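Overview (structure and organization)
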Amino acid sequence: MAQHARAGQFLILRLHEAGERIPLTISAVREDAVRVIFMTVGKTTEELATLRAGDRITDVVGPLGKPSEIANYGTCCVIGGGVGIASTPPIAKELKDAGNHVIGIIGARSADLLILEDEMREICDELYITTDDGSKGVHGFASDVLKKLLEERTLDRVWIIGPAIMMKVTSGVTVPYNVKTYVSLNPIMVDGTGMCGSCRVTVGGETKFACVDGPEFDAHQVDFNELMQRQRIYTAQEKVSLERFAE
Ligand code: FES
């Protein structure tokens, strides 16, 4: 996986035979390892967080999905929100290596939830930080910084990775400037190979499977409301599962 993974791709892991399969973006590639970063939001991630170095999981499949469309575009902006920041270094790095001027914007609710600042600072030509509560960087959202950048200069491509609502709002900023904008979608996935249909999303009025057709899509074509509604389908079951695990 370390030899083949490209920016924008993900893996699916399963902790044990009875475990669910969860997709996580590949956040970095080392010589003989890949890195994923996760947030404890439900039963599987809570259980994953109990593992220690040297522990094993049942299986991991990847790299999955199409790589980011990297080329020399000119000036590119890579935006990460919350745990979505985990996906930004490989994209920023490949864009940089392709000769782009890379601007990074990373934002979180508060300073303690901000990750990979040093790594992104090293890769990007410019880095902006935002926090919702003003505890670090610009007090506000990544979309505020993006808006200001677009007022001042030309951006040739924008990538946005974060919670669906953040991607919806932030990609709306680039619409009037007609800047091609990519988002990495995070629907529920099962097999990750285009067979189950659980990851289906509507892009440009067409049904796409995020696992094989994406996960990156043209942000201006994505039906974010449907994505958010489908992400909530199993909220009740997820709650019960987490409660049982906590008992
Ligand atoms: Fe099953 Fe995409 S996860 S089709």
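Residues numbered from 1 in each chain as written. Predicted model: local features only at pLDDT ≥ 70, side-chain atom pairs only at ≥ 80, totals over all residues. Heavy atoms only, no water.

Before going further, it helps to examine the domain arrangement of the protein. Under the domain assignment used here, the protein contains domain 1 (10–64) and domain 2 (75–184). Domain 1 and domain 2 are separated by 25 Å when their C-alpha centres are compared. Taken together, the contacts link eight residues of domain 1 with nine residues of domain 2. When domain 1 packs against domain 2, close to 600 Å² is buried across both sides, 60% of that on carbon and sulfur atoms. The three residues of domain 1 that bury the most area against domain 2 are Ser 27, Ile 37 and Met 39, which together make up 61% of that side's buried surface. Joining domain 1 to domain 2, the criterion identifies one salt bridge. (Domains from an automatic or database assignment. Contact = heavy atoms within 4.5 Å. Buried area = accessible area lost by both parts, 1.4 Å probe. Salt bridge = Lys/Arg side-chain N within 4 Å of Asp/Glu carboxyl O.)

Moving on: the sheet that holds strand β2 (residues 21–30). Pairing is antiparallel across the open sheet formed by four strands, whose spatial order is β3-β2-β1-β4. Looking at the sheet topology across the chains shown, the edges are occupied by β3 (33–36) and β4 (59–64). This sheet shows a mean twist of 40 degrees between the axes of neighbouring strands, independent of strand direction. Direction of pairing for strand β1 (residues 10–14) relative to β4: antiparallel, over a ladder of four bridges. (Pairing = 2+ DSSP bridges. Helix = DSSP H or I, 4+ residues; strand = E, 2+ residues; numbered from the N terminus. Axes fitted to C-alpha atoms, helices over the stretch in contact; angles between N-to-C directions.)

Looking now at the sheet that holds strand β9 (residues 157–161). With respect to topology, seven strands assemble into an open sheet ordered β8-β7-β6-β5-β9-β10-β13, the strand pairing being mixed. Only two strands of the sheet have a single partner each, and these edge strands are β8 (138–139) and β13 (216–218). For strand β5 (residues 75–81) and β9, the ladder comprises five bridges, and the chain directions are parallel. Across the sheet, Cys 76 pairs through a bridge with Arg 157, a residue of β9. Along the sheet, helix α2 (residues 88–97) makes contact with β5, β6 (101–108), β9 and β13, crossing β5 at roughly 175 degrees.

Tallying each qualifying case throughout the model produces two aromatic pairs. On the numbers, 6.3 Å between centres and 50 degrees between planes, the contact of Tyr 73 with Trp 159 is tilted. Residue Tyr 73 is located in the loop between β4 and β5, and its partner Trp 159 is located in strand β9; the two are separated by 86 residues in the primary sequence. Residues Trp 159 and Tyr 182 carry aromatic rings whose centres are separated by 4.6 Å and whose planes lie at 25 degrees to one another, so their mutual orientation is stacked. In this pair, Trp 159 is assigned in strand β9 and Tyr 182 in strand β10 (residues 180–184), connecting sequence segments 23 residues apart. Given the relative accessible area of 4%, Tyr 182 is considered buried. (Phe/Tyr/Trp six-rings, centres within 6.5 Å; stacked < 30°, edge-to-face > 60°. Buried < 20%, exposed > 50% of the residue type's maximum accessible area, 1.4 Å probe, protein only.)

Our next topic: the nonpolar core. It is characteristic of soluble globular proteins that their nonpolar side chains tend to be buried jointly. Residues Cys 77, Ile 79, Leu 146, Leu 155 and Leu 185 are the most contacted members of the largest nonpolar core, which totals 34 residues. Once you skip the residues sitting within four places of it in the chain, Leu 155 turns out to touch Thr 75, Cys 77, Ile 103, Leu 146, Leu 149, Leu 150 and Val 179. Of all hydrophobic cores here, the second largest spans 20 residues; its members include Val 102, Leu 116, Cys 124 and Ile 129. (Core = buried A, V, L, I, M, F, W, Y, C linked by side-chain atoms within 4.5 Å.)

It is worth spelling out the packing of helix α4 (residues 142–152) against helix α5 (residues 164–174) at this point. Between two packed helices, what matters for the description is the angle formed by their axes and the separation of those axes. Their axes nearest at 9 Å, the elements α4 and α5 cross at an angle of 10 degrees. By the criterion of interaxial angle, the relationship of α4 to α5 is roughly parallel. Counted together, Ala 142, Ser 143, Leu 146, Lys 147 and Leu 150 of α4 and Met 166, Val 169, Thr 170, Val 173 and Thr 174 of α5 form the full contact between these two elements. When the residues that make up the contact of α4 with α5 are grouped by side-chain class, the tally is six nonpolar, three polar and one charged. (Parallel < 35°, antiparallel > 145°, perpendicular 65-115°, else oblique. Nonpolar A, V, L, I, M, F, W, Y, C, P; charged D, E, K, R; others polar.)

With that out of the way, let us pick up the side chain of Glu 47. Within the fold, Glu 47 resides in helix α1 (residues 43–48). Side chain to side chain, Glu 47 and His 16 meet in a polar contact 3.0 Å long. Leaving out residues up to four positions away in the same chain, Glu 47 has contacts with Leu 15, His 16 and Phe 245. (Polar contact = N/O pair within 3.5 Å; in protein donor to acceptor, adjacent residues only side chain to side chain.)

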